[in-house]
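Next come the chains, spelled out residue by residue.
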Amino acid sequence: MTTEHKRFPVAAAAIAGTLENFATFPFEYVKTQLQLQIRSSALYAGSSAYTGPLDVVQRTFRTAGLLGLYSGGASFVIFSPLRAVVRFTTFERLRITARSQQLRETPGGKRLSDLGCGVLAGAAGGAL
């Protein structure tokens, strides 16, 4: 069995989390804009501002440019490195623990073990 040596796991996790948010935040922005125009929203203006996701992207791009799709995303960018570090570190620690307890050696154990580690790591990252 080989020993894995990761040189900068915290930095790698922080960078991965930040890149993940840069890639996915425009989708969150579009979803939020569409949710804010429904009747149950406190910001409902009486008429539909957007006809669909592409309409949100087109209008935002026209009025605010590419950075408009990242409007309101500062908190995601600020906290994403910390969440990612917690998530990735928790996953790796749980995986190492599962390996030391030989949970991964049973039939199907590797998949179930990794699934359990992923669920717990996601919960830990989401708790922040």
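Please explain the overall build of the protein chain as it appears in this structure.
Along the protein chain, the regular secondary structure elements total four helices and zero strands. Starting at the N terminus, the α and β elements of the protein chain follow one another as α-α-α-α. Within the protein chain, the fraction of its 128 residues that count as buried is 24%. Here the contacts in the protein chain between residues at least 6 apart in sequence split such that 61% fall between residues at least 24 apart. Here the protein chain has roughly 9200 Å² of accessible surface; of this, 65% comes from carbon and sulfur atoms.

Explain the pattern of salt bridges to me, please; I cannot follow it from the model alone.
Side chains that differ in sign of charge can pair as their charged atoms come close. A full pass over the atoms with the stated rule returns four salt bridges. Between D55 and R59 there is a salt bridge; the shortest N-O distance is 3.2 Å. Highlighted residues: D55 and R59, both in helix α2 (residues 53–64), separated by four residues, approximately one helical turn. Its relative accessible area of 34% is what places R59 among the partly exposed residues.

It is not clear to me how the environment of L36 should be interpreted in this structure. Could you clarify?
If you trace the backbone, L36 turns up in the loop between α1 (9–35) and α2. Separated by 13 residues in the primary sequence, L36 and A49 have C-alpha atoms spaced 9.5 Å apart.

Is there a simple way to think about the packing of aromatic side chains in this case?
For any pair of aromatic rings, the description rests on two quantities: the centre-to-centre distance and the angle between the ring planes. One pass over the full model with this rule turns up three aromatic pairs. Residues F25 and Y70 carry aromatic rings whose centres are separated by 6.3 Å and whose planes lie at 20 degrees to one another, so their mutual orientation is stacked. Of this pair, F25 sits in helix α1 while Y70 is found in the loop between α2 and α3 (74–100), placing the two residues 45 residues apart along the sequence. Accessibility expressed as a relative area gives 8% for F25, which makes it buried. Seen from their ring centres, F25 and F76 are 5.2 Å apart, and the 55 degrees between their planes marks the pair as tilted. Residue F25 is found in helix α1, and its partner F76 is found in helix α3; the two are separated by 51 residues along the sequence. By the ring-pair criterion, three or more aromatic residues cluster together here, those being F22, F25, Y70 and F76. Geometry around F88 places R87 over its ring, the cationic atom sitting 5.0 Å from the centre.

Parameters at a glance
- Residues numbered from 1 in each chain as written.
- Predicted model: local features only at pLDDT ≥ 70, side-chain atom pairs only at ≥ 80, totals over all residues.
- Heavy atoms only, no water.
- Helix = DSSP H or I, 4+ residues; strand = E, 2+ residues; numbered from the N terminus.
- Buried < 20%, exposed > 50% of the residue type's maximum accessible area, 1.4 Å probe, protein only.
- Contact = heavy atoms within 4.5 Å.
- Areas by Shrake-Rupley, 256 points an atom, 1.4 Å probe, with all protein chains shown as cover.
- Salt bridge = Lys/Arg side-chain N within 4 Å of Asp/Glu carboxyl O.
- Phe/Tyr/Trp six-rings, centres within 6.5 Å; stacked < 30°, edge-to-face > 60°.
- Lys NZ or Arg CZ within 6 Å of the ring centre and 35° of its normal.

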